[in-house]
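# A closer look at the structure
Residues per chain are reported as follows:
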Amino acid sequence: MRGAALSGGANRGSSVGTALMGGPNCPTVPLSFARIMNTSSERNPQAAQMADESMLRTLRFQIEAIWPQESRLFARYALPVDAHILDIGCGNGYHCWRMLGAGAERVIGIDPSVKFVFQFYAIKQFAGHDLPIDVLPLGIEHMPQKMAAFDTVFSMGILYHRRSPMDHLRELRELLKPGGQLVLETLVIEGGANQVLVPDDRYAKMPNVWFLPSPDTLIGWMKKNGLKNPRMVDISTTTIEEQRSTDWMTFESLKDFLDPNDPSKTVEGHPAPVRAVFIAEAPY
Ligand SMILES: C[S@@+](CC[C@H](N)C(=O)[O-])C[C@H]1O[C@@H](n2cnc3c(N)ncnc32)[C@H](O)[C@@H]1O
């Protein structure tokens, strides 16, 4: 499940999908882009692997496989009126379009992988180049410090890839306006406060997984980093019906990452993937 606290407001989803007006503008790559990409691998050594994982999510795959699961969450929570949204590690911007469709006033996605940025602008070219939605070729570490600019910040599928989850949580809080809402989706393990899995090597064949906390552990980390009222709003075991190979994505998928004799375990013997969604607010 990829979750999100959205809905309410005018549903612009259909107009996004059908307003194929086209437009003359191609994406403008910022002048500093080459410098950012050159320093990115040094400052963000897991970027290539994270991008590969996200490439599995073509738009069609995302719509077919992800939306049926997460639409429940989008229906349950309302976006603030006139919300300005930031989606960290947005890939090709799939969820950014969903947020615009749910009524956001402005949506910014950031992702250091240039192929996603170009995928996004190829779609935006057809959806409407003047729509208030953009994807910038940036990692979270390139964002201005203490920006306090967004009503809602999403971090989905990112925390377990970060070497320092504490720094990630602090950065997320500092991107939010006072009282703004964080929506964080990540892999968790079963267990109580202060239990966390740090895989020795790979997790579900992924080489770049650092910390898988229990829900209570993550709630404790969120509090420690100044986030208010952290709570888990969804938890689900990822199924092989949801995360699977398709005609568009023919590589290995979840069933290849699980122990064939015991699907409650990964091939490495870790607990199989369980994903949870957490919400918290930035202090006033
Ligand atoms: C597992 S994917 C999650 C994609 C999307 N958020 C989703 O839930 O489907 C991780 C994404 O993080 C991006 N990424 C890698 N390093 C990053 C960084 N330093 N800051 C922000 N995003 C990063 C990758 O390019 C990739 O698109």
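Because the structure is a prediction, the values reported are computed rather than measured.

## Here we look at the nonpolar core
Among the nonpolar cores identified, the biggest contains 27 residues, and Leu86 and Val153 are the most heavily contacted of them. Residue assignment for this core shows that the elements contributing at least two residues are strand S1 (84-88), strand S2 (106-110), strand S4 (150-156), helix H7 (165-175), strand S5 (176-188), helix H8 (215-224) and strand S11 (274-281). Excluding its chain neighbours within four sequence positions, the residues that come into contact with Val153 are Leu86, Ile88, Leu172, Leu175, Leu176, Gln181, Leu182 and Val183. Core analysis: the second largest hydrophobic core is formed by 23 residues, Ala83, Met99, Val107 and Val183 among them.

## Some details on H7
Along H7, the positions that sit buried rather than exposed are Pro165, His168, Leu169, Leu172, Glu174 and Leu175. Where the residues of H7 are buried, they touch S1, S4, S5 and H8.

## Examining H8
For H8, the complete set of buried residues consists of Pro215, Thr217, Leu218, Ile219, Trp221 and Met222. In the stretch just after H8, Gly226 is the one whose phi turns positive, near 85 degrees.

## Notes on the pairing of S1
Extensive coverage of S1 is indicated by the burial of 4 of its 5 residues. This β-α-β element, S1 to helix H5 (residues 94-101) to S2, shows right-handed connectivity. Here S1 pairs with S4 via 4 bridges, running parallel. Looking at S4, one finds that Ile85 is bridged to Thr152.

## Some words on the packing of H7 against H8
Between H7 and H8, the shortest axis-to-axis distance is 9 Å and the interhelical angle comes to 55 degrees. Here H7 is positioned oblique relative to H8, judged by the angle of their axes. The crossing of H7 and H8 is right-handed. Contacts between H7 and H8 pair Pro165, Met166 and Leu169 from the former with Leu218, Trp221 and Met222 from the latter.

## Notes on the side chain of Asn92
By secondary structure assignment, the location of Asn92 is in the loop between S1 and H5. A distance of 3.4 Å separates a polar atom in the side chain of Asn92 from a polar atom in the side chain of Gln119.

## A closer look at the pattern of salt bridges
In this structure the tally under the stated criterion is 10 salt bridges. Across the pair Asp134 and Lys124 runs a salt bridge whose closest N-O atoms are separated by 3.3 Å. With Asp134 in strand S3 (residues 133-136) and Lys124 in helix H6 (residues 114-127), the pair connects residues that are 10 residues apart, well separated along the chain. Each member of the pair, Asp134 as well as Lys124, is classed as buried. In this structure, the salt-bridge partner of Asp151 is Lys177, at a minimum N-O distance of 3.2 Å. Taken together, the residues span a long stretch of sequence, with Asp151 in strand S4 and Lys177 in strand S5 at a distance of 26 residues. Classification of Lys177 as partly exposed rests on a relative accessible area of 29%. Through salt bridges with shared partners, a single ionic network connects Arg106, Lys124 and Asp134.

## What about the confidence of the model for the protein chain?
When pLDDT is averaged along the protein chain, the result is 81, and 73% of the positions lie at 70 or above. Below pLDDT 50 for its whole length, residues 1-39 participates in 100 contacts with residues either more than four positions away or in separate chains.

## Description of the environment of Arg98
Looking at where Arg98 falls in the secondary structure, it is placed in helix H5. For Arg98, a relative accessible area of 22% puts it in the partly exposed group. Residues Arg98 and Ser71 lie 27 residues apart in sequence; the distance between their C-alpha atoms is 9.8 Å.

## Structural notes on the sheet that holds S1
Pairing in this open sheet of 7 strands is mixed, and the strands run S3-S2-S1-S4-S5-S11-S8 from one edge to the other. Each end of this open sheet is capped by a strand with a single partner; those strands are S3 and strand S8 (228-237). Between one strand and the next, the sheet's axes are offset by a mean angle of 15 degrees, whatever the strand orientation. Contacts from H8 reach S5, S8 and S11, with the element oriented near 150 degrees to S8.

How each quantity is defined
- Residues numbered from 1 in each chain as written.
- Predicted model: local features only at pLDDT ≥ 70, side-chain atom pairs only at ≥ 80, totals over all residues.
- Heavy atoms only, no water.
- Core = buried A, V, L, I, M, F, W, Y, C linked by side-chain atoms within 4.5 Å.
- Buried < 20%, exposed > 50% of the residue type's maximum accessible area, 1.4 Å probe, protein only.
- Helix = DSSP H or I, 4+ residues; strand = E, 2+ residues; numbered from the N terminus.
- Contact = heavy atoms within 4.5 Å.
- Right-handed = clockwise from strand over helix to strand, strands pointing away.
- Pairing = 2+ DSSP bridges.
- Axes fitted to C-alpha atoms, helices over the stretch in contact; angles between N-to-C directions.
- Parallel < 35°, antiparallel > 145°, perpendicular 65-115°, else oblique.
- Left-handed = near helix turned anticlockwise from the far one by under 90°.
- Polar contact = N/O pair within 3.5 Å; in protein donor to acceptor, adjacent residues only side chain to side chain.
- Salt bridge = Lys/Arg side-chain N within 4 Å of Asp/Glu carboxyl O.
- pLDDT = per-residue confidence, 0-100.

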